[in-house]
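As a plain string of letters, each chain reads:
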Amino acid sequence: MEDQYQYNTNEEKIVKDSHTKEIDLINRDPKQINEDVVKVDFEDVIAEPDGTHSLDGVWKLSYTTFTVSKYWCYRILSAVFGIPVALLWGFLFACISFCHIWAVVPCIKSCLIESQCISRIYSLCIQTFCDPFFEALGKVFSSVRVAVRKEV
């Protein structure tokens, strides 16, 4: 992540580190990456069709049990495992970034540079040897006329 620069009224440059940015505690999925994946409500899992209804009290208690247990189970799991898993994901993405920056991109650039050199040599060979040969063949066969006749 890059540092962001801000200027105050005296035109002094203030560096704002992107690691200390304010996070939104209300909208925790601003890019909506989990909108379709884990947004599961009671109605998405349990439904009673017409003609097959449980007692109203059972239905209400089932709804409350599902909602509260899902809420607290997630909160407990995220409290216990959230920080260690975040540490692992941070480590993984740091390793991926490191490999990409220090190995993948330089390797691709190197291949592009080498392939550009090879393509120039290949193009020069084609233009020097093959172009005259095929041009001569074209001139030899340019006087050939093919006529199709249907004999009855």
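Definitions and cut-offs
Residues numbered from 1 in each chain as written. Predicted model: local features only at pLDDT ≥ 70, side-chain atom pairs only at ≥ 80, totals over all residues. Heavy atoms only, no water. Helix = DSSP H or I, 4+ residues; strand = E, 2+ residues; numbered from the N terminus. Buried < 20%, exposed > 50% of the residue type's maximum accessible area, 1.4 Å probe, protein only. Contact = heavy atoms within 4.5 Å. Areas by Shrake-Rupley, 256 points an atom, 1.4 Å probe, with all protein chains shown as cover. UniProt positions renumbered as here; feature names shortened; annotations may be inferred. Patch = residues over 30% accessible without salt bridge, like charges linked within 9 Å, V, L, I, M, F, W, Y side chains within 5 Å. Salt bridge = Lys/Arg side-chain N within 4 Å of Asp/Glu carboxyl O. Phe/Tyr/Trp six-rings, centres within 6.5 Å; stacked < 30°, edge-to-face > 60°. Expected span 1.5 Å × (residues − 1). Bend = angle between axes of the 7 residues up to and from the residue. pLDDT = per-residue confidence, 0-100. Disulfide = S-S within 2.5 Å.

A. How the structure looks around the overall build of the protein chain. Across its full length, the protein chain carries 2 helices and 2 strands. Per-residue burial for the protein chain yields a buried fraction of 2% across its 152 residues. For the protein chain, contacts bridging at least 24 residues in sequence account for 12% of all contacts bridging at least 6. As displayed, the protein chain has an accessible area near 14800 Å², and 64% of this comes from carbon and sulfur atoms.

B. Quick peek at the UniProt feature "transmembrane region" (unreviewed entry) in the protein chain. Per the UniProt record, "transmembrane region" (unreviewed entry) is found at residues 76-103. End C-alpha to end C-alpha, residues 76-103 measures 39 Å, and it is 100% helix and 0% strand.

C. Quick peek at a nonpolar patch on the surface. Where nonpolar side chains cluster on the molecular surface, the patch consists of Val68, Tyr71, Trp72, Ile76, Leu77, Val80, Phe81, Val85, Trp89, Leu92, Phe93 and Ile96 and spans about 1200 Å² of accessible area. On the secondary structure map, Ile76 appears in helix H2 (residues 56-141).

D. Representation of unusual backbone geometry in the model. Positive phi, close to 50 degrees, is recorded for Gln32, a residue that is not glycine. In this structure, Gln32 sits in the loop between strand S2 (13-16) and helix H1 (42-45). The exposure class assigned to Gln32 is exposed, which follows from its relative accessible area of 53%.

E. The packing of aromatic side chains, seen in detail. Within the structure shown, the criterion is met by 7 aromatic pairs. Aromatic pair Phe98 and Trp102: ring centres 6.4 Å apart, planes at 35 degrees, arrangement tilted. Linking Phe98 with Trp102, this pair stays in helix H2, spanning 4 residues, or about one helical turn. Its relative accessible area of 62% is what places Trp102 among the exposed residues.

F. Geometry of H2. Taking 1.5 Å as the rise per residue, H2 with 86 residues should run 128 Å; its terminal C-alpha atoms sit only 91 Å apart, a clear shortfall. Taking the largest bend as the criterion, H2 deviates by roughly 50 degrees, centred on Phe81, and proline Pro84 comes between one and four positions later.

G. Region of the structure containing the environment of Trp59. Tracing the backbone shows Trp59 in helix H2. Overall, the relative accessible area of 29% leaves Trp59 in the partly exposed class. C-alpha of Trp59 to C-alpha of Glu48: the two residues are 11 residues apart in sequence and 9.4 Å apart in space. The contact partners of Trp59, leaving out residues within four places of it in the chain, are Phe42, Ile46, Ala47, Glu48 and Ser54.

H. The confidence of the model for the protein chain, seen in detail. Mean pLDDT over the protein chain stands at 86; residues scoring 70 or higher make up 87%. Put simply, strand S1 (residues 4-7) is where the protein chain has its lowest mean pLDDT, 56, and H2 is where it has its highest, 94.

I. Expanded view of the state of the cysteines. The final tally for this structure, using the stated rule, is 0 disulfides. Take Cys107: it sits in no disulfide, and the sulfur closest to it among the cysteines is that of Cys111, at 4.6 Å. We classify Cys107 as partly exposed; its relative accessible area is 47%. Residue Cys130 stays outside any disulfide, its sulfur separated by 8.5 Å from that of Cys125, the closest cysteine. A relative accessible area of 29% places Cys130 in the partly exposed class.

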